[in-house]
Amino acid sequence: MKRLFFVIFSLFLLGGVVSAQSSQIVTDILNTEEVTYGQVCYLSAIHQGFISEEASFEDAVQILYEKGHIPESLPAITTARLVNISYIYMQMWPNIEGGLLFRITKGSPRYSLKKLKADGLIDDTKNPLATISGKEALDILTACMVQYGDSSECMSMDLE
Amino acid sequence: MKKLFLSICLLNFVSFSIFAFDWGGILNNHTQGDVCDFFGSSLNQSNALYLWTQSEIADTDLLFSSEVMYQYKYNLRQNYSSFENIFDLDLLRLSGTLYMAKESLDFSIGRFFVSDITNSIFMQTSDGMLLKCGVKNTEFSLYAGYTGLLNAHNVAILNVDGTIDEIKNDFYSLCKPYIPIAAAVTFQQLFLQQSLSISANTFIDASKNKDNRFYATLAVDGPVMQGCYYDFSTTLALYNLKEKANYSKIKFHVFITESLYTSIGIEYASGNNGSLKPFRTFTSKPIVSSAAETIETSGIILPAVSLSKNFNNLYASFDAKFLLDCLNSSVSFWGPEVVASVVYNAFYDLQFCLDASAFWDLKNKGNLTNYSATLKVNVAF
């Protein structure tokens, strides 16, 4: 039997209802060629329940800064680099056990990216300073949810 | 303090938009103890630091890679010790792809690791240019380089008489100057999923010695049945277009389960056998790892078996080799070698490796008999 993880991107689906605004935000992110700091912070913040669906990208950056998930409140329109995105995502699951340098640096951006590469969630050849599309950012987040999240964060089903 | 560190990391990366840059390194420890009846016991301690960088040049497909290394080697024997420092730039490469109509051409220029199709004759760092292109199931490659600027501490080039020149200077000592030129063509899945490769490697001696060498290789590989593969190659070597030598090998690889692998094979490197002369690789290639002195791939027949098993973070392997001497017209048993190895990946960036090996010299009154234990630790950062 093949076990196939079928992950519904459940940022908004946990409540069972997807509003028109949240659908539009996800569509916008999917269509983004270079994902921004604000968009990544929004995905993280809404998944953790820090903000409502109506919140702005600026609100998402501010709340993550206040929660200590990011060290600096950068403008939301700043293009996000892969190393930033990795760090923001890894803050969502604080109990992840990484490698030696990840532990020593307490999950610094550089070693957050290396952890995601080591777990096969990001292509090993990707440069830390690379920019990625909104779709790639969502793909990585989905992979993180499957890898590190619990059953409430993603759904799975078995197929014959 | 942590916040400041993270701010620097993030802000640097955000503002660094001219080109994508990455760096990293490996810190390595190698501790080896040897017990040898003839040469006495010895302890070898070595530590190395490798630092690499990689830059994607903006708006192009070009990639610039570099690596520098420092290593010291300390050898302690009874009444004798030695200390060697090595500093090397072992990677300095500009690589990219040129697109032409339907095909593409991959190129690399600079200093980088190259190897021939046998992975035995020419396997070292070299300065030069490599071109590769593929047309349907056929792949072509062409390499031209120069060895005279390499560090002899780090690259061992074998003389045609089987010796290696003595290194005089510390840190950096230039290798003998050769101009290696290699051309290879591989036909992938030519018949019954079998691949055929043909290569020619020439090494033109740029010094006064005129120690020119030419190697022509035919190689075939492919599946025998499900889970079983083989590779075979035979090489004709010509030294100064006069003396002929041969190097042939065949190996079968069997994947018993997903994590259990075994192989069996045999290598032959000619000695003074009929019209053949002793075979010499270009890059030094010891045929066994634990003999008290280096035994090069020359005048030998070597049947070998290997078994390895993967357990999550642990990898264990056992190798046995049975060395036969055919340097002269007769064949005699030289001795067996066994190597047991365990590799433990504590984390993805911390690895421990423990080897225990022994070589029994049954030919030279046990002079090269040696028992060895090695601990290696690698930290990637």
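Note that this is a predicted model, so its numbers are computed, not measured. (Residues numbered from 1 in each chain as written. Chains lettered and ligands numbered in written order. Predicted model: local features only at pLDDT ≥ 70, side-chain atom pairs only at ≥ 80, totals over all residues.)

K.L.:
Help me understand the overall build of chain A in this model?
P.N.:
In terms of helices and strands, chain A carries 7 helices and 2 strands. N-terminal to C-terminal, the α/β element order of chain A is β-α-α-α-α-α-α-α-β. Counting over 160 residues, chain A shows a buried share of 39%. Once local pairs closer than 6 in sequence are excluded, the contacts in chain A between residues at least 24 apart make up 61%. (Helix = DSSP H or I, 4+ residues; strand = E, 2+ residues; numbered from the N terminus. Buried ≥ 20, exposed ≤ 12 C-beta atoms within 10 Å, placed from the backbone. Contact = placed C-beta atoms within 7 Å.)

K.L.:
Sorry, what's going on with the overall build of chain B here?
P.N.:
Summing up its helical and strand segments, chain B has 1 helix and 18 strands in all. By the compact-globule yardstick of 21 Å for 381 residues, chain B fits well, its C-alpha radius of gyration being 23 Å. Expressed as a percentage of its 381 residues, the buried residues of chain B come to 24%. (Rg over C-alpha atoms; globule rule 2.2 N^0.38 Å.)

K.L.:
For this particular structure, what's the right way to read the pairing of strand β3 (residues 63-77) of chain B?
P.N.:
Remark: a regular strand shows side chains that alternate across the two faces of the sheet. Residues and elements named next belong to chain B. In terms of strand pairing, strand β2 (residues 42-56) meets β3 through 15 bridges, oriented antiparallel. By the bridge assignment for β3, Gln45 is matched with Tyr74. Turn length for the β2-β3 hairpin, with the two strands adjacent in sequence and antiparallel, is 6 residues, and the turn residue Asp59 shows positive phi of about 60°. By the bridge criterion, 15 bridges tie β3 to strand β4 (residues 80-100) in an arrangement that is antiparallel. Residue Met69 lies in a different strand from β4, and its bridge partner there is Asp88. (Pairing = 2+ DSSP bridges.)

K.L.:
Looking at this structure, how should I read the nonpolar core?
P.N.:
One recurring pattern in soluble globular proteins is that nonpolar side chains are buried together. Counting residues in hydrophobic clusters, the biggest one holds 38 residues, and the most contacted among them are Val40, Cys41, Ala60, Ile85, Tyr89, Ala137 and Leu141 of chain A. Where this core is concerned, the elements lending two or more residues are α1 (20-30), α2 (37-47), α3 (57-66), α4 (82-90), α6 (109-118) and α7 (134-148) of chain A. Per-element accounting of this core gives the leading share, 7 residues, to α4 of chain A. Apart from residues no more than four positions distant in its own chain, Leu141 of chain A is found in contact with Leu43 and Tyr89 of chain A. Among the nonpolar cores identified, the runner-up in size contains 37 residues, and Phe122, Ala245, Val288 and Leu368 of chain B belong to it. (Core = buried A, V, L, I, M, F, W, Y, C linked by C-beta atoms within 7 Å.)

K.L.:
Sorry, what's going on with the packing of α2 of chain A against α4 of chain A here?
P.N.:
For any two helices packed against each other, the geometry comes down to the angle between their axes and how far apart the axes lie. All names here are of chain A. It is the contact of α2 with α4, at a shortest axis distance of 10 Å, that shows an interaxial angle of 15°. Relative to α4, the element α2 lies roughly parallel. Seen from above, α2 lies across α4 with right-handed handedness. Counted together, Tyr37, Val40, Cys41 and Ser44 of α2 and Asn84, Ile85, Ile88 and Tyr89 of α4 form the full contact between these two elements. Considering only residue class, the contact of α2 with α4 consists of 6 nonpolar, 2 polar and no charged. (Axes fitted to C-alpha atoms, helices over the stretch in contact; angles between N-to-C directions. Parallel < 35°, antiparallel > 145°, perpendicular 65-115°, else oblique. Left-handed = near helix turned anticlockwise from the far one by under 90°. Nonpolar A, V, L, I, M, F, W, Y, C, P; charged D, E, K, R; others polar.)

K.L.:
Help me out: how do you make sense of the pairing of β2 of chain B in this one?
P.N.:
All names here are of chain B. The sheet contact formed by strand β1 (residues 20-35) and β2 spans 15 bridges and is antiparallel. Residue Thr31 lies in a different strand from β2, and its bridge partner there is Gln45. Connecting β1 to the antiparallel partner β2 that follows it, the hairpin turn spans 6 residues, and Gly40 within it adopts a positive phi of roughly 85°.

K.L.:
Explain the confidence of the model for chain B here, please?
P.N.:
As a general rule, the predicted coordinates of low-pLDDT regions are not to be interpreted in detail. All names here are of chain B. Confidence along chain B averages 91 in pLDDT terms, with 95% of residues attaining 70 or more. Within the model, the stretch residues 4-18 combines pLDDT values under 50 with 26 contacts to residues more than four positions away or in other chains. Taken together, the chains of this predicted complex give a pTM of 0.86 and an interface ipTM of 0.79. (pLDDT = per-residue confidence, 0-100.)

K.L.:
What am I meant to see in α6 of chain A here?
P.N.:
Structurally, the α-helix is built with 3.6 residues per turn, so residues lying three or four positions apart point the same way. Residues and elements named next belong to chain A. Along α6, 8 of the 10 residues are buried, which leaves the element largely enclosed by surrounding structure. Listed as buried for α6 are Pro109, Arg110, Tyr111, Ser112, Leu113, Lys114, Lys115 and Leu116. Looking one or two places after α6, you find Gly120, whose phi comes out positive at around 75°.

K.L.:
What am I meant to see in unusual backbone geometry here?
P.N.:
Peptide bonds are, in most cases, trans, and in most cases residues other than glycine have a negative phi. All names here are of chain B. Even without glycine at this site, Asn79 takes up a positive phi of about 65°. On the secondary structure map, Asn79 appears in the loop between β3 and β4. When the 5 C-beta atoms within 10 Å are taken as the criterion, Asn79 is described as exposed. With a phi close to 45°, Leu192 is a non-glycine residue in the positive phi region. The residue Leu192 is located in the loop between β8 (178-191) and β9 (194-205) in this model. For Leu192, a count of 7 C-beta atoms within 10 Å gives the class exposed.

K.L.:
Quick question: what am I supposed to make of the packing of α4 of chain A against α6 of chain A here?
P.N.:
Residues and elements named next belong to chain A. Their axes nearest at 8 Å, the elements α4 and α6 cross at an angle of 80°. By the criterion of interaxial angle, the relationship of α4 to α6 is roughly perpendicular. Contacts between α4 and α6 pair Leu82, Val83, Asn84, Ser86, Tyr87 and Met90 from the former with Pro109, Arg110, Ser112, Leu113, Lys115 and Leu116 from the latter. Residue composition of the contact of α4 with α6, grouped by class: 7 nonpolar, 3 polar and 2 charged.

K.L.:
Looking at this structure, how should I read α4 of chain A?
P.N.:
Of all 9 residues in α4 of chain A, 9 are buried, a share of seventy percent or more. Those residues of α4 of chain A that fall on the buried side of the exposure criterion are Leu82, Val83, Asn84, Ile85, Ser86, Tyr87, Ile88, Tyr89 and Met90 of chain A.

K.L.:
How do you make sense of the confidence of the model for chain A when you look at a structure like this?
P.N.:
Residue and element names in this part refer to chain A. Across chain A, the average pLDDT comes to 83, with 81% of residues at 70 or higher. Within chain A, the element-level pLDDT minimum falls on strand β1 (residues 2-4), averaging 37, and the maximum on α6, averaging 95. Low pLDDT (under 50) marks residues 1-9, which in the prediction has 19 contacts with non-local residues, meaning those over four places away or in another chain. Here residues 13-17 is a poorly scored stretch, pLDDT under 50, and it has 2 contacts once near neighbours within four places are set aside; other chains count.

K.L.:
What is the right way to read the environment of Ile157 of chain B from this model?
P.N.:
Residues and elements named next belong to chain B. Take Ile157: it is sitting in the loop between β7 (138-146) and β8. Taking the number of C-beta atoms within 10 Å as the measure of exposure, Ile157 has 20 and is therefore buried. When the C-alpha positions of Ile157 and Lys176 are compared, they lie 7.6 Å apart, and in sequence the two are 19 residues distant. In this structure, Ile157 is in contact with Thr147, Cys175, Lys176, Phe282 and Thr283, ignoring residues within four places of it in sequence.

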